[in-house]
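Now for the letters of each chain:
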Amino acid sequence: MSEYDKFIELSKDEKTLSMLESIENKVLETGRLATLTGDSHADVSLSLEIHEESPYLLIKITCEKVDVSEDDAELFQDYVHTKFTDCLGELGGEHEEEFENLCGACTFVNGEVVY
């Protein structure tokens, strides 16, 4: 049994997936993603996964134009992570306890780590 079994289980349940989808929608509605990428057709998906042997919030961006600086990616990641943290209280209980111990967030653009 892995030390992250509970994290993996909770990361895939309906409450968690719904929360992540609502954050994705907020990111798209605010135009932050288009501003970050310079691509109005860019898309984002969020997931909670084991990355580099630790639990992370993964921010996966797909876009045609790839002009994302590390500084801009950091600001975007901070925004998404803040939204995630704000939503943890709504999940409550074991979700909140498990997810507040994330190692952080990691941002990918077209499969490549940018921050």
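Quick summary incoming for the structure in this document.

### Digging into the sheet that holds strand β4 (residues 112-113)
Here comes step 1: Taken in spatial order, the four strands make up an open sheet running β1-β2-β3-β4, and their pairing is mixed. Whereas interior strands pair on both sides, the edge strands pair on one side only; in this sheet they are β1 (43-51) and β4.
Here comes step 2: In terms of strand pairing, β1 meets strand β2 (residues 54-62) through nine bridges, oriented antiparallel. The partner of L46 across the bridge, within β2, is I59.
Here comes step 3: Along the sheet, helix α2 (residues 14-30) makes contact with β1 and β2, crossing β1 at roughly 140 degrees.
Here comes step 4: Packing of helix α4 (residues 70-91) onto the sheet brings it into contact with β1, β2 and β3 (105-109), and relative to β2 it is tilted by some 120 degrees.

### Overview of the nonpolar core
Here comes step 1: L57, I59, I61, V80 and F84 are the most contacted members of the largest nonpolar core, which has 30 residues in total.
Here comes step 2: Contributing elements (two or more residues each) for this core: α1 (5-11), α2, α3 (32-37), β1, β2, α4 and β3.
Here comes step 3: A per-element tally of this core places α4 first, with eight residues.
Here comes step 4: Once you skip the residues sitting within four places of it in the chain, F84 turns out to touch M19, L20, I23, L48, L57, F99 and L102.

### Re the packing of aromatic side chains
Here comes step 1: Using the criterion set out here, one finds two aromatic pairs in the structure.
Here comes step 2: With a centroid separation of 5.7 Å and 90 degrees between ring planes, the pair formed by F7 and F99 is classed as edge-to-face. Note that F7 is positioned in helix α1 and F99 in helix α5 (residues 93-99), a separation of 92 residues in sequence. The two residues F7 and F99 agree in class, both being buried.
Here comes step 3: Pairing F84 with F99 gives two aromatic rings, centres 6.4 Å apart and planes at 50 degrees, and the pair type is tilted.

### Some points on α2
Here comes step 1: For α2, which comprises 17 residues, the first-to-last C-alpha distance of 24 Å matches the rise-based estimate of 24 Å (1.5 Å per residue) to within 8%.
Here comes step 2: Residues T16, M19, L20, I23, E24 and V27 constitute the buried set of α2. Seen along its axis, α2 keeps its buried residues to an arc of 140 degrees; they face one direction. Residues of α2 that are exposed and point more than 90 degrees away from the buried face comprise E14 and E29.
Here comes step 3: Each element contacted by the buried residues of α2 is listed here: α1, α3, β1, β2, α4 and α5.

### As for the environment of P55
Here comes step 1: By the secondary structure assignment, P55 is in strand β2.
Here comes step 2: Considering only alpha carbons, one finds P55 and N110, 55 residues apart in sequence, at a separation of 21 Å.
Here comes step 3: In contact with P55, not counting residues within four places along its chain, are Y4, F7, E49, I50, N101, L102, C103 and G104.

Rules and cut-offs
- Residues numbered from 1 in each chain as written.
- Predicted model: local features only at pLDDT ≥ 70, side-chain atom pairs only at ≥ 80, totals over all residues.
- Heavy atoms only, no water.
- Pairing = 2+ DSSP bridges.
- Helix = DSSP H or I, 4+ residues; strand = E, 2+ residues; numbered from the N terminus.
- Contact = heavy atoms within 4.5 Å.
- Axes fitted to C-alpha atoms, helices over the stretch in contact; angles between N-to-C directions.
- Core = buried A, V, L, I, M, F, W, Y, C linked by side-chain atoms within 4.5 Å.
- Buried < 20%, exposed > 50% of the residue type's maximum accessible area, 1.4 Å probe, protein only.
- Phe/Tyr/Trp six-rings, centres within 6.5 Å; stacked < 30°, edge-to-face > 60°.
- Expected span 1.5 Å × (residues − 1).
- Arc of directions from axis to C-beta.

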